[in-house]
Structure formats: structure tokens, C-alpha cells
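The primary structure of each chain is shown beneath.
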Amino acid sequence: ADAVTPGEGAAQATILCGDAFGCELSGVWSAPGRVNIIGEHVDYNGGSGLPSALPHRAYVALSPREDRTIRLISPQTRDAVDVLDLDVIGPKGTPGEVTNHWTAYLAGVAWALEQAGYGPLPGFDAALRPCVPPGGGVSSRAALECATDVALDGVCHLRVAVTTAAPR
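All values reported here derive from a predicted model rather than from experimental measurement.

K.L.:
Explanation requested: the environment of Q76 in the structure shown.
P.N.:
Within the secondary structure, Q76 sits in the loop between β3 (69-73) and β4 (82-85). Distance in space between the C-alpha atoms of Q76 and R129 is 9.2 Å, their sequence separation being 53 residues.

Right, here's the structure in full:
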């Protein structure tokens, strides 16, 4: 699949979010897919790898809500908005398991941030415009999760993505 330009991806996510939710958008965030040139499945097991970012990105247009409701939409689910409650969602195998494939990744990021002490988070409306081909070994799910993480980080001022340089 061809990658879209960052402007096109952001515009498509913005339009989808506005059409679905009619809310004032806080912004659009994105993360790239990646491929391991060498070291497939070795990098996260402590070995050396050579990952490379792709021009294909996942775009998330997001706006916080006043309640703890999450509403999610993508071009593939344009006719059905997924609605979740941050107070109910939980990991796989629990009563709060999110069973819809792609929404579990986005909701799971919010859940994991709260489990790590970044919360409570507000609910949010989010439109996903994925441009990373799924199932091709190019980290399409990780791109969804990373885009959601940086979006929530930016909207909620969590400072998760902030790093500090070591003193010299």
C-alpha cells in the first residue's frame, strides 16, 4: 500500500473525527510502522536488531471528553462507533476485556497508562486513520498504540514521552 503524506493522513483523520463526533479537535498525532532489516523478534528478546521506520503511519485525531467514555472510529468502522468506559475496560481474560480487535489496542494504551500511574485519564473521542498495512510484519499494531500514546500524552500533559539528557 502506498503511504499518504503527513498532511493527507492528518486531514483524513481530522475529517473522520469531525464527521463522527462533531467535537473540537485537540490535534492529530501519528507513529510510523517499522521493519526489522535484521533481528526480527530478536530485539525485544535482548538481541541486536536494525529496525527502520517506514513512511506508512497511523494517524490518531483525538479530543478529550469531560467523562470517562472512549468513542473510537476508523474508516473501516465508519458506520459503527465503538463506545467504551475507562472505568470498565481491562486486560484480556477479564470481564473488562475489549473484544473488538483494533479498539483493544487504543483502549489498552489508556488502560496501561492508568495502571502505570498516569491518571485518572479523561475519556476521549478518537478517529484512527491507519496507513500501515496490517498483517505484513511492519508493526501496524505498535503504530496504533504509539500514536495513541503520544496523543494522550499531548492532550493530558502526562510527560510520558519526555526524556532528559544525562548530566555531562
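What follows continues from the structure just given.
K.L.:
I'm lost on the packing of helix α2 (residues 101-115) against helix α3 (residues 140-156) in this one. Help?
P.N.:
In a packed pair of helices, the relevant descriptors are the angle between the two axes and the axis-to-axis distance. Relative orientation of the contacting elements α2 and α3 amounts to 50°, with a least axis distance of 9 Å. It follows that α2 is oblique to α3 by the angle criterion. Classified by chirality, the crossing of α3 by α2 is right-handed. Residues Y105, L106, V109, A110 and L113 of α2 form the contact with α3, whose own contacting residues are R141, L144, E145, T148, D149 and L152. Of the residues that constitute the contact of α2 with α3, the class distribution is 7 nonpolar, 1 polar and 3 charged.

K.L.:
I'm lost on unusual backbone geometry in this one. Help?
P.N.:
Leave glycine aside and you will find that most residues have negative phi; peptide bonds, for their part, are mostly trans. For the bond from G119 to P120, the omega torsion is 10°, close enough to zero to count as cis. One can find P120 in the loop between α2 and β5 (124-130). Its identity as a non-glycine residue notwithstanding, H157 has a phi of 55°, on the positive side. Phi is positive for R159, close to 65°, though the residue is something other than glycine. Along the chain, the position of R159 falls in the segment after α3. Of the residues examined, R159 reaches a relative accessible area of 59% and is grouped as exposed.

K.L.:
So what exactly am I meant to see when it comes to the sheet that holds strand β1 (residues 27-36) here?
P.N.:
The strands that make up a sheet pair up through hydrogen bonds in the backbone, lying either parallel or antiparallel. One open sheet accounts for 5 strands, arranged β1-β2-β5-β3-β4; its pairing is mixed. Both outer strands of the open sheet, β1 and β4, are each paired with one neighbouring strand and no more. Strand after strand, the sheet turns through a mean of 25° between neighbouring axes, direction not considered. The pairing of strand β2 (residues 51-64) with β5 spans 7 bridges and is classified as antiparallel. Bridge pairing in β5 places A61 opposite A127. Contacts between helix α1 (residues 6-21) and the sheet are confined to β1, β2, β3 and β5, with β5 contributing the most and set at about 140° to the helix. Contacting β1, β2 and β5, α3 runs over the sheet at an angle of about 150° to β1.

K.L.:
Help me understand α3 in this model?
P.N.:
Every α-helical turn comprises 3.6 residues, leaving residues that sit three or four positions apart pointing alike. Taking 1.5 Å per residue as the helical rise, α3 with its 17 residues ought to reach 24 Å, and the 24 Å between its terminal C-alpha atoms agrees with that figure. Buried within α3 we find S140, A143, L144, A147, T148, A151, L152, D153 and V155. Considering only its buried residues, α3 is in contact with β1, β2, α2 and β5. Of the residues flanking the end of α3, it is H157, one or two places downstream, whose phi is positive at about 55°.

K.L.:
What is the right way to read a nonpolar patch on the surface from this model?
P.N.:
Residues I37, I38 and L50 make up a contiguous nonpolar surface patch of roughly 300 Å² in combined accessible area. Mapped onto the secondary structure, I37 falls in the loop between β1 and β2.

K.L.:
Is there a simple way to think about the pattern of salt bridges in this case?
P.N.:
A side chain with one charge may pair with a side chain of the opposite charge, provided their charged atoms come close. Applying the stated criterion across every chain, the model contains 5 salt bridges. A salt bridge links R65 to D67; its shortest N-O distance comes to 2.9 Å. Of the charged contacts in the structure, one is a salt bridge between D87 and R68, with a shortest N-O distance of 2.8 Å. Of this pair, D87 sits in the loop between β4 and α2 while R68 sits in the loop between β2 and β3; the two residues are 19 residues apart in sequence, bridging distant segments of the chain. The structure contains a network of salt bridges with shared partners spanning R65, D67, R71 and D125.

Scoring rules and cut-offs
Residues numbered from 1 in each chain as written. Predicted model: local features only at pLDDT ≥ 70, side-chain atom pairs only at ≥ 80, totals over all residues. Heavy atoms only, no water. Helix = DSSP H or I, 4+ residues; strand = E, 2+ residues; numbered from the N terminus. Axes fitted to C-alpha atoms, helices over the stretch in contact; angles between N-to-C directions. Parallel < 35°, antiparallel > 145°, perpendicular 65-115°, else oblique. Left-handed = near helix turned anticlockwise from the far one by under 90°. Contact = heavy atoms within 4.5 Å. Nonpolar A, V, L, I, M, F, W, Y, C, P; charged D, E, K, R; others polar. Buried < 20%, exposed > 50% of the residue type's maximum accessible area, 1.4 Å probe, protein only. Pairing = 2+ DSSP bridges. Expected span 1.5 Å × (residues − 1). Patch = residues over 30% accessible without salt bridge, like charges linked within 9 Å, V, L, I, M, F, W, Y side chains within 5 Å. Areas by Shrake-Rupley, 256 points an atom, 1.4 Å probe, with all protein chains shown as cover. Salt bridge = Lys/Arg side-chain N within 4 Å of Asp/Glu carboxyl O.

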